[in-house]
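Listed below are the residues making up each chain.
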Amino acid sequence: QKEVEQNSGPLSVPEGAIASLNCTYSDRVSQSFFWYRQYSGKSPELIMSIYSNGDKEDGRFTAQLNKASQYVSLLIRDSQPSDSATYLCAVRPKAAGNKLTFGGGTRVLVKP
Amino acid sequence: EPEVTQTPSHQVTQMGQEVILRCVPISNHLYFYWYRQILGQKVEFLVSFYNNEISEKSEIFDDQFSVERPDGSNFTLKIRSTKLEDSAMYFCASTPIGQDNSPLHFGNGTRLTVT
């Protein structure tokens, strides 16, 4: 079983719509969860972090965490063409200093 | 805003040659990492480094790889004898100590091409 799983996509959404991205993880003791955005040929760029069950909103982005289901999601509201990128889910099992394990990423295409 | 810097941005080398990839982590960060990403594949952990020693490494990080913090600012990844399959983007990252939920801050990466 893969440690962090994401649908590879592409997820095609019209401009202005909501993009919904999902991520599941296998390690039950995971405590910190991160969403990164990666444009082609560039490095991962942090969008959001979430540590507690529930929702966390930051601008057009909302992260949702359900530790019981080992599931974390990202919603992008009012999607813009500049949101077209690959979104990486990353999980850290323990305290700071431990590695992040990345999923394979979901490619999002926002069509004008 | 402080950032992780990596040099060079692109390195081309012949198979069997040694390469050194360089990174300057954010100045108040104490945990350092190397990741790699083969074209079209996921970001893979190689090694983490804290207090001048390796704290964790992956199966990828075999005897051909080594890391070093030669001075107070640089953090290097050495590949002793490069193979074609070492061609990838290599990302350095850092995070501060004492913040359990701190994210990794990535540099812009070095694209390594082994011919």
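Residues numbered from 1 in each chain as written. Chains lettered and ligands numbered in written order. Predicted model: local features only at pLDDT ≥ 70, side-chain atom pairs only at ≥ 80, totals over all residues. Heavy atoms only, no water.

Brief notes about the sheet that holds strand β1 (residues 5-7) of chain B
Residue and element names in this part refer to chain B.
- Reading across the sheet, the 4 strands line up as β1-β3-β8-β7 and stay open at both edges, with antiparallel pairing between neighbours. Edge positions in the open sheet fall to β1 and β7 (65-68), since each of these has one partner strand only. Between one strand axis and the next, the sheet turns by 20 degrees as a mean value, whatever way the strands run.
- Strand direction decides the pairing type here: β7 and strand β8 (residues 75-79), joined by 4 bridges, are antiparallel. (Pairing = 2+ DSSP bridges. Helix = DSSP H or I, 4+ residues; strand = E, 2+ residues; numbered from the N terminus. Axes fitted to C-alpha atoms, helices over the stretch in contact; angles between N-to-C directions.)

Notes on the state of the cysteines
- Scanning the model with the defined rule gives 2 disulfides over all chains in all.
- The partner cysteine of Cys23(A) in its disulfide is Cys89(A), sulfur to sulfur 2.1 Å. Of note, the bridge from Cys23(A) to Cys89(A) carries an S-S torsion of about -70 degrees and is left-handed in sense. Of this pair, Cys23(A) sits in strand β3 (residues 19-25) while Cys89(A) sits in strand β9 (residues 85-92); the two residues are 66 residues apart in sequence, bridging distant segments of the chain. This pair shows no difference in class: Cys23(A) is buried, exactly as Cys89(A) is.
- The residue that forms a disulfide with Cys23(B) is Cys92(B), at a sulfur-sulfur distance of 1.9 Å. Given an S-S torsion of about -65 degrees, the disulfide between Cys23(B) and Cys92(B) has left-handed geometry. Here Cys23(B), found in strand β3 (residues 19-24), pairs with Cys92(B), found in strand β9 (residues 88-95); they are 69 residues apart in sequence, far enough to count as distant. (Disulfide = S-S within 2.5 Å. Buried < 20%, exposed > 50% of the residue type's maximum accessible area, 1.4 Å probe, protein only.)

Quick word on the packing of aromatic side chains
- Taken as a whole, this structure holds 15 aromatic pairs over all chains when the rule is applied.
- Ring centres of Tyr35(B) and Phe45(B) lie 5.6 Å apart, and the angle between their planes is 70 degrees; this geometry places the pair in the edge-to-face category. Placement of Tyr35(B) in strand β4 (residues 31-37) and of Phe45(B) in strand β5 (residues 44-50) is noted, with a sequence separation of 10 residues between them. Grouping residues by exposure puts Tyr35(B) and Phe45(B) together as buried.
- Members of the aromatic cluster, joined through ring pairs, are Tyr36(A), Phe102(A), Tyr33(B), Tyr35(B), Phe45(B), Phe91(B) and Phe106(B).
- The ring of Phe61(A) has Arg60(A) lying over it, and the distance from NZ or CZ to the ring centre is 5.6 Å. (Phe/Tyr/Trp six-rings, centres within 6.5 Å; stacked < 30°, edge-to-face > 60°. Lys NZ or Arg CZ within 6 Å of the ring centre and 35° of its normal.)

Points about the pairing of β9(A)
Residues and elements named next belong to chain A.
- Across the 8 residues of β9, 8 count as buried, placing the element largely inside the fold.
- Of the pairings in the sheet, the one linking strand β4 (residues 32-38) to β9 comprises 7 bridges and is antiparallel in character. Directly across from phenylalanine 33, in β9, lies its bridge partner valine 91.
- Pairing geometry for β9 and strand β11 (residues 106-111), over 3 bridges, is antiparallel. In the strand pairing of β11, alanine 85 is matched with valine 108.
- Both β9 and strand β10 (residues 101-102) contribute to a ladder of 2 bridges, which runs antiparallel. Across the sheet, residue alanine 90 finds its bridge partner in β10, namely phenylalanine 102.

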